[in-house]
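Fold and contact review
What follows is the residue order along each chain.
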Amino acid sequence: MGVRTLDDSDLLLGSSKLLDAVHKTVGFAQENDGIGLTKGKAFNRKFATWAAENFNWPEYSAERLLRIQKVLNEEDVTPVLVLHELMISMKLGRHVKGKWQFSKKAEALVQTPGVLQTALTKGFLFEFDHCRLQRFPFVAPGNWDVWLNVINVKAHGGASEAALIKTFYGVEYSGAGDREFWDHCSFLVWHVLKPLSWLGYLEAAELDGRHSHSDRTIYTKKHRFGRGHSVSTRMMNYVQSSYTELNDRYQMRILDWNSASALGRREPFV
């Protein structure tokens, strides 16, 4: 499959929180002879705390998270949980004698950010199991062709989660107890919007508390830069070029999730 790799000097790479996190995590592992694991093989508290202090996720910063709890485990810092599972699914390392060790492939990839971003885009958008990040096991219809083309238009000037949900599914927010709305919101946020944002293809801005929760996060395509080229247009062309062959695989995984949930075999992430 021909996915265009961005040049290592491309400004788009600087917006990828996930790329930055992988680079920092490989550095941490090299300096500490790996990442310590708990008995359940999660990343240990030392790393979870370090990541919250050093990753570029203000909503998951140590300052914010430690206001509500005394210690940080892997599951308390969602980007750490995602990073761990993503590295496993991409086969960029393994658990060895109580530690996570990155592979030589991973250490080589961080030296070529454009190639690593391509790998992360494929791995996180199309192959990662986003379902367990949702509070409830709900799956909405759709595919990457539809999502990318609509977001490419709607997010040009900024669009809230509520606006995008109405566009995709015709569902409008009617109150805090509106389960239909929040089910669709959870799906769209964790399967589409956050992945695109964490990879640097969308910008997510939080408005103040005067706005309702459903309208508080605004997703916007990146601003124009250099030679009149739009990052947003390049982003959509770049991601859309990679979706075609992977979309069928993504849809099959969604069907597997629905079947497992119906049989009560799958526990959602809470």
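None of the values given here were measured: they were computed from a predicted structure.

Describing the pairing of strand 6 (residues 217–220)
Because side chains alternate across strand 6, one face comprises the buried residues Thr-217 and Tyr-219, and the other comprises Ile-218 and Thr-220, equally buried. Relative to strand 6, strand 4 (residues 159–160) is paired through two bridges, and the arrangement is antiparallel. From the neighbouring strand, Ser-160 faces strand 6, where its bridge partner is Ile-218. Bridge analysis of strand 5 (residues 203–206) against strand 6 gives four bridges, and the strand direction is antiparallel.

Let's talk about the nonpolar core
Within the largest apolar cluster, 72 residues are counted, with the highest numbers of intra-cluster contacts made by Met-87, Leu-120, Leu-193 and Leu-196. Ignoring sequence-local partners within four residues, the contact set of Met-87 consists of Val-22, Leu-92, Gly-93, Trp-100, Phe-102 and Leu-120.

Quick look at the pattern of salt bridges
Where charged atoms of side chains with opposite charge meet at close range, the side chains can pair. The full count for this structure, using the stated rule, is six salt bridges. Here Lys-24 ties to Asp-20 by a salt bridge, and the two come within 3.0 Å at their closest N and O atoms. Remark: Asp-20 and Lys-24 occur in helix 1 (residues 17–31); sequence separation between them is four residues, near one turn of the helix. We classify Lys-24 as partly exposed; its relative accessible area is 28%. Asp-20 sits in the partly exposed class, given a relative accessible area of 28%. Among the salt bridges present, the one from Asp-33 reaches Lys-99, with a minimum N-O distance of 3.7 Å. Separated by 66 residues along the polypeptide, Asp-33 in the loop between helix 1 and strand 1 (35–36) and Lys-99 in strand 3 (residues 99–102) bring together distant segments of the chain.

Regarding unusual backbone geometry
Of note, Asp-33 is a non-glycine position whose phi angle comes to about 55°, a positive value. Of note, Lys-91 is a non-glycine position whose phi angle comes to about 55°, a positive value.

Here we look at helix 4 (residues 78–89)
If you check helix 4, its first and last C-alpha atoms are 16 Å apart, about what 12 residues at 1.5 Å a residue would give, namely 16 Å. The element helix 4 is extensively covered by neighbouring structure, given that nine of its 12 residues are classed as buried. Buried within helix 4 we find Thr-78, Pro-79, Val-80, Leu-81, Val-82, Leu-83, His-84, Leu-86 and Met-87. The inward-facing, buried residues of helix 4 contact helix 1, helix 2 (45–54), strand 2 (93–96), strand 3, helix 6 (113–127) and helix 9 (179–198). Remark: Lys-91 follows helix 4 within two positions and exhibits a positive phi of approximately 55°.

Rules of the game
Residues numbered from 1 in each chain as written. Predicted model: local features only at pLDDT ≥ 70, side-chain atom pairs only at ≥ 80, totals over all residues. Heavy atoms only, no water. Buried < 20%, exposed > 50% of the residue type's maximum accessible area, 1.4 Å probe, protein only. Helix = DSSP H or I, 4+ residues; strand = E, 2+ residues; numbered from the N terminus. Pairing = 2+ DSSP bridges. Core = buried A, V, L, I, M, F, W, Y, C linked by side-chain atoms within 4.5 Å. Contact = heavy atoms within 4.5 Å. Salt bridge = Lys/Arg side-chain N within 4 Å of Asp/Glu carboxyl O. Expected span 1.5 Å × (residues − 1).

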